[in-house]
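# What the coordinates show
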Amino acid sequence: MIAEVKPTATATLTLDGVEVSFTEGETIYEVAERAGREVPTLCYDARLEAFGGCRLCVVEVDGMRAPVASCTTPATAGMVVKTTTDAIEKHRRTLLELVASENRENEVDELRGHASQELKSLLDRYEVRGGRFAGRQSGTSNSTDDNPFILRDYDLCISCYRCVRVCAEQEGDHAITMMNRGFEKQITTEFNGILKDSACTFCGQCVQTCPTGALGDRKAMRAESLPGEVEKTRTVCPYCGVGCSVDLLTKEDRLVGVQPAMDGPANEGALCIKGQFAFDFVQHEDRLKMPLVRDEDGELHETDWETALDRAADGFKKAAGEHGRHAVYGVASGRAPHEAAYTMQKFIRAGFGTHQIDNCSRA
Amino acid sequence: MATNQELIEQWWKEEAPLLPLLHAFHDRDGFISEEAIRAVADGLKIPVAEVFGTVTFYHHFARKAPGQAAPRVCTGPACKYLGAPELLKSLEGATPMACAGRCDDGVPVLQGHEVRVGRTADSLEKTPSPLPPPNPGNVEECVFAHIREPERNTMEGYRGYEALEKARGMSRANLLALITDSHLAGRGGAGFPTGKKWEMVEQAEGEPKSIVCNADEGEPGCFKDRAILDYDPHAVIEGMAIAAHATGATKGFIYLRYEYPETFQIVERAMAEAEELLGDGFKLYLRRGGGAYICGEEGSLLNSLEGKHPFPRNRPPFPVTHGYNDLPTVVNNVETLASVAPIVMKGAEWYRGLGLGEHAGTKLVSVSGDIQRPGNFEAPFGLPLLTLLNEWCGGAPEGRSIQAVTMAGLSGGFLAGDDLDVTLDEPSIRAKGAFLGAAGIMVFDDTRDMVEVAHCAMEFFAEESCGKCFPCRIGTQRLTERLNGAAGPADETKWREEVHDIGRTMMATSACGLGVAAPNITESLVKYFPEQVAASLKNGR
C-alpha cells in the first residue's frame, strides 16, 4: 500500500480569540477538538463521514449569517470562530431539551454500549432536567427481535443515524436503514424486519456507537443487576490473527462484556460477532479445568497433567510409529497467543518432522 | 406486462435510474412490493435496506394494494377551505396529500396518472390546469409574454429555438456576461444571481457537467412552474440548452414533482420535439419525483436523482462544484430557466427595465385562497402587494376583507395589517420578517381562524421534514403540537416562551431552509394575532 501523502500546507484561524494553525481539509470541529475545546455533539463519530445532523456543534463564524455546524464546515484561513457564546450555548440547551423530550428516559446502564452515556453526559453538562417541550415520543422499540446480541430499544433513539452510518461506512453491511421521514423516522432493517433476516453480521458496531443506549449489548446487559462497578481492562481479542484491541468489562472479577477499543490500531472500534459477543466460554460451567483421559470403560476421567501428557505422547508415538511421520497433522487454535502458535509449529515440524501444521484462523 | 428483468434491462444503464425504475414497478403493479424492492436492489446493485428506506421516504410510493389506484386528495391550506376535508371523506379509500399545486383551481384529486379537479365527488373532472389570465396590470411580461398563444407548448407553436441559435453564436464569456448583466436571479426563492452561478460551473473542474431544472414545485400555494411547463415547456428546454452552452454542460435533467402527471406527458413530448435542435452535445432527461417536499431543496434533489436517501447535503461544497454525481452542476428553477431565452433575444437592459424603480426583472406570483381572482401573475419586481391583491386579483370575496396572507408559499410566514403595505421584492418583504421566496401568496379572509391556519402550515412542515437534523425533526413536531393543543403549556406566557425558544433555535441551527423557515409561521402568528393565540389557549384549543 502506498502511504497517503498528507497536504503539508498549513494556515491559521482564530478560535475563541486564539490563533491556531490547521491543515487544509480539517473541519472547524477537528481544529477545535485538537485545541482542547469540548464542542458538544451527538451525531459525530470520528471514524465516519461528518453528518451535520444534531447541530449541537454549531459555532459562530464572523461574516456568516447564522451559526454553522462545525463538523461539516471546512476550516479556512483567517476564519474567526467562536465556539461558546451565550447565544450558541442557549441553542445547545434548547436542542438538548428537545432531544430529551422525545425519549421516555435518558438514564441507561453503561453496559448497554461504549457510547451509551453520551446523551446523559451532555444533559448533565447543560443541566437539562427535562419537562420542557413535552410531546409525543419518537421511535418504536422492536420487541419481536429476540436475537441474543442486540437490543433494539428505539424508544431511546434520537435519530443521529450513527448506527446506519457505521454499518454502511465501517462494516459495509448496509443492514440498517432509515424508514419514513421527519418525526416518524425509524431506524430499522430491510422491510422493517428482524436483524437475523437482514444483512446484519452482528458485529455490534451499531451498539457501540449508539449515544443513548437505544441499541444495547444484550450479553453485557445480563450483568446490569450484578453488584460492583464496571472495570475495563485493555487487551487483544483472542480469536483470530487480526489483533483487535478490546476492553474487557468486569464486575468484581467476573467478565461481563467486551467493548472494542475505539483507538485500537488494528480495528478502530470494529469487532466481529465472535470478538464482540462470544466470551461466555471463559466462565462456562462446561469449560475444562482439569485434563481428562478416557479409560477402559470408555468414559472421560479427571487426572493429573503428568498422566494426561504421557497418554497423549503415547498416542502420537503409536500413530507415527505405525503410519509414518505424515500421519500427524497439527492445527493450532486461533484463540492461542502467537507464542503458543509458534511452539505448536515447532512441536509439529521439529518433533514429528512433518510440515502438516495449520492454524484455525485460516478457515 | 413487463417482467422484472425487462424493467431492469430497460433502466439499469440509464442516467439516474432509481426513480424511473421504481416508477416502472409502481406503474406495473400499482404498488412497490417486497419482491420489486429486491429486484431493484439487485438490478442496480444498491443494498436492499437502502432501497427500502428510500422507498419509504416518498409519499406516493405505495407498498400495498390498492396503492396507486386509490385517490389522493389535496388538503393543502388553500384546498382545505375549498371543501377538501369533506371531499376526502366522500371518496372511498381516499387519503390526504400535501398541497398538489392546483390552488387556483382546487381541489385536485390524484389517482394513478390522472388529476381530476372539483369540490365534490360528483363534480370531479379532468380539466387542463388554468392558463395564466391576461396581465391585469397591462405591464410588459417576460416569462408569460407568449404563454397564452395557442399551441405554444408544441414546437410548431413555439416556432423553433431562435434564442438558442443566437446564444450558440455567442462566446461563452459574452453569454455569461449577458445573463449576469440582466440581474436574473434564482426564482425558486433563494435569489442567487444566475449569471454568477453559471460562471462558477463554467469555471469548475470536472466533466460531464449538468443542468438540472428544479421542477419539484412542492411549496404550498405555488403553482407557477406547473403553468410554465404545461403551456410553455419549450421555453424551459431552450433555457436549459442555453445554460448548457454557457457552462459546457452536456447533460440536463428536469426533476418534476410527482403530483403533475399531465405535465410529465407534456414535457416528455416537448423533449422529443426538441431532441434534434438540442443536438448530440446536450442530452436531456426527465425524472419524476416520488412525492417529497424536501426534494425541492437542491441537495435533496440531487441525492434523489442519484438514487440516494433524499437528505439535504452539507454545504460547502455547493452544487456548482459538487452537484450531480459530485460534478459541476447548475440547479435552476423552472421560472429562472424560462426567463433566459427572452433575455438572450431582447437583451439585459430590456430585462432589467421590466422591474419597477431600482428593481430588475419580473417575478411570477401564485395567488390563491380567499381572493376573487386567483391565479398566476407576472409582476414587475417592486409592485405594491396591495395592488396585486386588490387591483389585479379583485381583493377578498364579497363582504369579506383580507386578514392575512402567506409569503413564499408557507415558508415566509404571514403578513397582516399595516405590513401588507410592502412591495414585491426581497428587501421590502424581509424588512417585515418575511420573504418573497418562490412567491406563493395564499390569502386568508377575516373569517379564518389563524391559529388553525398556522397549525395546518406547521403540520405540513412536520410531515415534510426529512428527519436529518434535530431542530427541524423535533421542532416542527413540537410546534405542531403546540398549535392544536396536543401538547405543551396551557399558560400563555410559558407557551410563548417555548414556541419562541424552539423557533429561534430552529432558525439558527437547522441544516436546510425547511427548518430555518418553518418557525416564520409561529413567529408571525404571535406577532400579528396575539389575541387569537390567547383565545385559542383559553379555549383549550
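About the criteria used
- Residues numbered from 1 in each chain as written.
- Chains lettered and ligands numbered in written order.
- Predicted model: local features only at pLDDT ≥ 70, side-chain atom pairs only at ≥ 80, totals over all residues.
- Contact = placed C-beta atoms within 7 Å.
- Helix = DSSP H or I, 4+ residues; strand = E, 2+ residues; numbered from the N terminus.
- Buried ≥ 20, exposed ≤ 12 C-beta atoms within 10 Å, placed from the backbone.
- Domains from an automatic or database assignment.
- Axes fitted to C-alpha atoms, helices over the stretch in contact; angles between N-to-C directions.
- Parallel < 35°, antiparallel > 145°, perpendicular 65-115°, else oblique.
- Left-handed = near helix turned anticlockwise from the far one by under 90°.
- Nonpolar A, V, L, I, M, F, W, Y, C, P; charged D, E, K, R; others polar.
- Pairing = 2+ DSSP bridges.
- Core = buried A, V, L, I, M, F, W, Y, C linked by C-beta atoms within 7 Å.

## A look at the interface of chain B and chain A
- Between chain B and chain A, the contact holds 37 residues from the first and 37 residues from the second.
- Breaking the side of chain B that touches chain A down by element, the ones donating at least two residues are α4 (48–57), α20 (450–464), α21 (470–484) and α22 (492–509) of chain B.
- In terms of residues, the side of chain B that touches chain A owes the most to one element, α21 of chain B, which gives 9 residues.

## Examining helix α11 (residues 224–231) of chain B
All names here are of chain B.
- Extensive coverage of α11 is indicated by the burial of 8 of its 8 residues.
- Among all positions in α11, only K224, D225, R226, A227, I228, L229, D230 and Y231 are buried.
- Looking at the buried residues of α11, the elements they touch are β5 (210–215), α12 (233–247), α13 (261–278), α16 (334–346), β9 (362–369) and β10 (375–380).

## Section: the domain arrangement of chain A
- Taken as a whole, chain A is organised into domain 1 (10–84), domain 2 (98–283) and domain 3 (292–362).
- Distance between the C-alpha centres of domain 1 of chain A and domain 3 of chain A: 59 Å.

## Some details on the packing of helix α3 (residues 34–44) of chain B against α4 of chain B
Residue and element names in this part refer to chain B.
- Look at α3 against α4: their axes get within 9 Å of each other, and the N-to-C directions meet at 125 degrees. Relative to α4, the element α3 is oriented oblique. In this structure, α3 crosses over α4, and the sense of that crossing is right-handed. Seen from α3, the contacting residues are I37, R38, V40 and A41; seen from α4, they are V48, V51, F52 and V55.
- Across the contact of α3 with α4, the residue classes break down as 7 nonpolar, no polar and 1 charged.

## Section: the sheet that holds strand β4 (residues 68–69) of chain A
Residue and element names in this part refer to chain A.
- Taken in spatial order, the 5 strands line up as β2-β1-β5-β3-β4 in an open sheet, and their pairing is mixed. Every interior strand has two partners, whereas the edge strands, β2 (18–23) and β4, have only one.
- Pairing analysis gives 6 bridges linking strand β1 (residues 10–15) to β2, with the strands arranged antiparallel. Its bridge partner being in β2, A11 is matched across the sheet by F22.

## Observations regarding the sheet that holds strand β6 (residues 251–256) of chain B
Residues and elements named next belong to chain B.
- Strand order in this open sheet of 4 strands is β7-β6-β5-β8, and the pairing throughout is parallel. Strands with a single pairing partner mark the edges of an open sheet, and in this sheet they are β7 (283–288) and β8 (329–333). Neighbouring strand axes in the sheet, compared pairwise and without regard to direction, differ in orientation by 20 degrees on average.
- Direction of pairing for β6 relative to β7: parallel, over a ladder of 6 bridges. Bridging from a neighbouring strand, G252 pairs with L284 of β7.
- Set on the sheet, α13 makes contact with β6 and β7; between it and β7 the angle comes to about 170 degrees.

## What to know about the domain arrangement of chain B
Residue and element names in this part refer to chain B.
- Assigned domains within chain B: domain 1 (4–57), domain 2 (70–123), domain 3 (155–352), domain 4 (362–445) and domain 5 (450–538).
- For domain 4 versus domain 5, the separation of C-alpha centres amounts to 22 Å.
- At the interface, 12 residues of domain 4 touch 11 residues of domain 5.
- Elements with a contribution of two residues or more to the side of domain 4 that touches domain 5: β11 (402–407) and β12 (413–416).
- Here the side of domain 4 that touches domain 5 takes 3 residues from β12, the largest share from any one element.

## Overview of the nonpolar core
- With 256 residues, the main nonpolar core has C213, V236, M240, I242, A243, L388 and V443 of chain B as its most contacted residues.
- Sequence-distant contacts of L388 of chain B, that is, excluding residues within four places in its chain, are made with V365, V367, F377, A379, L383, C393 and L424 of chain B.

## Considerations on the environment of E171 of chain A
Residues and elements named next belong to chain A.
- Relative to the assigned elements, E171 resides in helix α4 (residues 162–171).
- Residue E171 is classed as buried on the basis of its 20 C-beta neighbours within 10 Å.
- In the structure, E171 is positioned 105 residues away from A66 in sequence and 36 Å away in space, judged by C-alpha atoms.
- When neighbours within four sequence positions are excluded, E171 is seen to be in contact with V166, C203 and Q205.

## Thoughts on the packing of helix α1 (residues 4–11) of chain B against helix α2 (residues 18–29) of chain B
All names here are of chain B.
- Orientation of α1 relative to α2, taken along the N-to-C sense of each, is 155 degrees, at an axis distance of 10 Å. It follows that α1 is roughly antiparallel to α2 by the angle criterion. Crossing angle aside, the handedness with which α1 passes α2 is right-handed. Two secondary-structure elements touch here, α1 through L7, I8 and W11 and α2 through P20, L21, A24 and F25.

## Considerations on the environment of E30 of chain A
- By the element assignment, E30 of chain A lies in helix α1 (residues 28–34).
- By the C-beta count within 10 Å, which is 19 here, E30 of chain A ends up partly exposed.

## Examining the pairing of strand β13 (residues 440–445) of chain B
Residue and element names in this part refer to chain B.
- Counted residue by residue, β13 has 5 buried out of 6 residues, so it is predominantly covered.
- Sheet topology note: the β9/β13 ladder contains 4 bridges and is parallel. Across the sheet, the residue bridging to S368 is M442, located in β13.
- Examined bridge by bridge, β11 and β13 share 3 bridges and lie antiparallel to one another. Note on β13: the bridge partner recorded for V405 is V443.

## Topic: unusual backbone geometry
- For the bond from A65 of chain B to P66 of chain B, the omega torsion is 0 degrees, close enough to zero to count as cis.
- Summarising the element assignment, P66 of chain B is placed in the loop between α4 and β1 (72–74).
- One non-glycine residue, H174 of chain A, lies in the positive phi region at around 50 degrees.
- Non-glycine residue F191 of chain A carries a positive phi angle of around 55 degrees.
- Among the structural elements, F191 of chain A can be located in the loop between β8 (186–189) and α5 (205–209).
- According to the C-beta neighbour criterion, F191 of chain A is partly exposed, with 18 such atoms within 10 Å.

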